[in-house]
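Below, each chain spelled out in residue letters.
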Amino acid sequence: MKTRFYYPGAAFVALAMLLFFGGEARAQRGGINWAKDGYQYYRAGRDGGIDEFDTRDSAKKTTVITKEMLTPAGKPALTVSGFSFTDDGSKVLIFTNTKRVWRYNTRGDYWVYDINAKTLKQLGIGKPESSLMFAKISPDGSKAAYVSEHNLYVEDLASGSIKPLTTDGTSRLINGTFDWAYEEEFDCRDGFRWSPDSRLIAYWQIDARKIKNYLMLNTTDSIYPFTVPVEYPVAGEDPSSAKVGVVDISSASTKWIDVPGDNVQHYIPRMEWTTNSNEIILEQLNRAQNESRIFVGNVSNGTTHLIHTETDKAWIDGKSRWNGGNPVGWDWLKDGKSFIWVSEKDGWRHIYRITTEGKESLITKGDYDMISLNCVDEKDGFVYFTASPENATQAYLYRVKLNGSSKKPEMVTPAGLPGTHSYTISPNGKIAMHIFSNSYTPYQNEVVSLPDNKHISGTVPHLNTDAKNKPVFFKVKTEDGIEMDGWMVKPTNFDSTKKYPVVFTVYAEPAGQTVVDRYGVGRNGLYVGNMTDDGYIYMAIEGRGAPAPKGAAWRKAIYKNIGIINIRDQAMGAKEILKWPFVDSSRIAVHGWSGGGSTTLNLLFQYPDIYKTGIAVAAVGWQLSYDNIYQERYMGVPTDEAGREPFIKGSPVTYAKNLRGNLLYIHGTGDDNVHYRNAELLINELVKYNRQFQLMSYPNRTHGIFEGPGTTLHLHTLFTQYLKEHCPPGGR
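Just so it is clear, the structure is predicted and the values come from calculations on it, not from any experiment.

1. Some details on the sheet that holds strand β30 (residues 410-411)
Read across the sheet, four strands follow the order β27-β28-β29-β30 without closing on themselves; strand pairing throughout is antiparallel. The open sheet has two free edges, formed respectively by β27 (370-377) and β30, since each of these has just one partner strand. Note: β27 against strand β28 (residues 382-387), six bridges, orientation antiparallel. The partner of V376 across the bridge, within β28, is V383.

2. As for the packing of helix α5 (residues 565-577) against helix α6 (residues 595-606)
At a closest axis distance of 10 Å, the pairing of α5 and α6 adopts a crossing angle of 65°. What the angle tells us is that α5 and α6 run roughly perpendicular. By crossing handedness, the relation of α5 to α6 is classed as right-handed. For the pair formed by α5 and α6, the contact residues are N566, I567, Q570 and A571 on the first element and T599, N602, L603 and Q606 on the second. Of the residues assigned to the contact of α5 with α6, the class counts are three nonpolar, five polar and no charged.

3. Quick word on the UniProt feature "domain: Peptidase S9 prolyl oligopeptidase catalytic" (unreviewed entry) in the protein
Feature annotation in UniProt places "domain: Peptidase S9 prolyl oligopeptidase catalytic" (unreviewed entry) on residues 531-726, given in this structure's numbering. Across residues 531-726, helical content stands at 42% and strand content at 17%; the span's end C-alpha atoms are separated by 15 Å.

4. Observations regarding the side chain of D369
Tracing the backbone through its elements, the reader meets D369 in the loop between β26 (360-362) and β27. A residue is classified by how much of its surface remains accessible, and D369, at 2% relative accessible area, is buried. Looking at D369, its side chain comes within polar contact range of the main-chain nitrogen of R349, at 2.7 Å. One polar contact links the side chain of D369 to the main-chain amide nitrogen of K550, over a distance of 3.2 Å. Apart from residues lying up to four places away in sequence, D369 is in contact with W348, R349, T386, A387, S388, A548, P549, K550, G551 and R555.

Reading the values: rules and limits
- Residues numbered from 1 in each chain as written.
- Predicted model: local features only at pLDDT ≥ 70, side-chain atom pairs only at ≥ 80, totals over all residues.
- Heavy atoms only, no water.
- Pairing = 2+ DSSP bridges.
- Helix = DSSP H or I, 4+ residues; strand = E, 2+ residues; numbered from the N terminus.
- Axes fitted to C-alpha atoms, helices over the stretch in contact; angles between N-to-C directions.
- Parallel < 35°, antiparallel > 145°, perpendicular 65-115°, else oblique.
- Left-handed = near helix turned anticlockwise from the far one by under 90°.
- Contact = heavy atoms within 4.5 Å.
- Nonpolar A, V, L, I, M, F, W, Y, C, P; charged D, E, K, R; others polar.
- UniProt positions renumbered as here; feature names shortened; annotations may be inferred.
- Buried < 20%, exposed > 50% of the residue type's maximum accessible area, 1.4 Å probe, protein only.
- Polar contact = N/O pair within 3.5 Å; in protein donor to acceptor, adjacent residues only side chain to side chain.

Structure below.
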């Protein structure tokens, strides 16, 4: 259950990279295509080829792959949607003709250009068009592996011969990739890994054959309506079974790894090879996601041994949450006997070093959260990470010694630039792409050297001193003693003697942070026109449960309390704001999307004396209808009546009878994430109690409600007109 309009974690990094490269950051699975030395990088060029750039010389550009090289005989040139080079630089793998699978375009065609032989060959000849997924060339450069139609294949690059490595794959027995829930909630998409010696491939098999279908109804694309089935495990229903196998390339025989515990009642969100081609390492989470176990598996005999265990009274965040939203990769140190891990076990998100024998040592120390791991510079003995010990709305680059001897972190980002700093550090740890912005300063990007943060090229970051009507950051303390961060943008011609309407934007769940000192904060993308020019105060406040760097207790206070604690914090914060002399308590509106839509409904229903108007989009109205991985992580496993109680207590449908204000509810009927069933459960409850409201259903639109001509403008116009009608702008 994600929010559309904020960019926490990986989404912000992806946005920043797009901005850095002018919309052309196209590494195959995100990030930057660095050259081996760490000083050069590659990107798809405007002319259709691939260019190499030198971070030390912004004027230096070398075209290494031309458009002509990527033009098959008798066909148009390939459009480069993603690419990767082999380690020796002799071949480049091109991803093109892509198609969307759930959230992202992860299916398409793959071609290999051999730089030495000057040949361009398509992989998977004979397979359906745009059916290949996650193609990867073997470490020795001789073969490629990929998934097509839920089976795993290997192809010899010299001869073009294709061998199936699995043959039992179906839409429900999935080899080498994942089902809907794993992809949405663990960010798992690429489901296979080459062994270091190129002889074996380790892969996931997801068995979703017992998962029930949610049947979406398509009433517009044919004369007769038809159903669109989506296998979707709701909270309280068993998840898909998951196991890991290792297939031998020569024999196509799979050996399954024996991981203790029931395959259905446990998840495997992460798996990689160790530095040894006879060992894999994986993380297993129990279904409640409050116990993490790390196993090392022996490929020869299929056995595993446990090396690390962690438990939590609430939940344990998977590595995808602190590694940029991408669970691919394992942070091994060069000795091959230890790796980097992140845990909140001491109440803060810290970096640890764990050996393959299970011994661990703390690297970061102190009462602060590591926000994201940026680089392990083992040669110089440092770990780089982002954090913000003093201000939870901002982010800066720090480093500590890898051996854990640092008493406090060293700030690498120069002082004097308050806001959000994003760094993508090269493999050698000497160069970084640095992007800075704050609430009133647009994104600025530069290349810097490390550790001195010395400018090399790009724009020297500076504050936008000419900014007008900047967002104002503030803190508000509720009657419960909870201090919350907030921002607001006042009307353009603000008059302190008048009272103005307030529009709150909300999310307030663990998947997104709204109060951040980052460019774009304070602007409402749904509003046609300018809210501040029209006379609104636009505002956000952030309570417990949001993924702010304020410690695990702050983030996990929401455990079994989604729809309760986060709602009370928002309402009690608003209650204090209503005391401000320039706030018109009769004109208080709130809006949100997805989890923010759920929050909007709960605020409107549970605190009707505060919130007079609400616009909720794609909301989870009934928590027991959302997927099990997300909802059970934060609310527990509802296997009995007692387990179901928190879900019901926190659901907007439970409180719909309390509606007194104005409600506009918006949902797409083709939403495969938050299904339209949520809308209809809510509608039924509002009808039951004769609560009047306005409804807008967008036929066959998904969770983002953007498909189809005119959709975006229509939604924005609807939002704006409803807000103006029911919460009129301007000072009084």
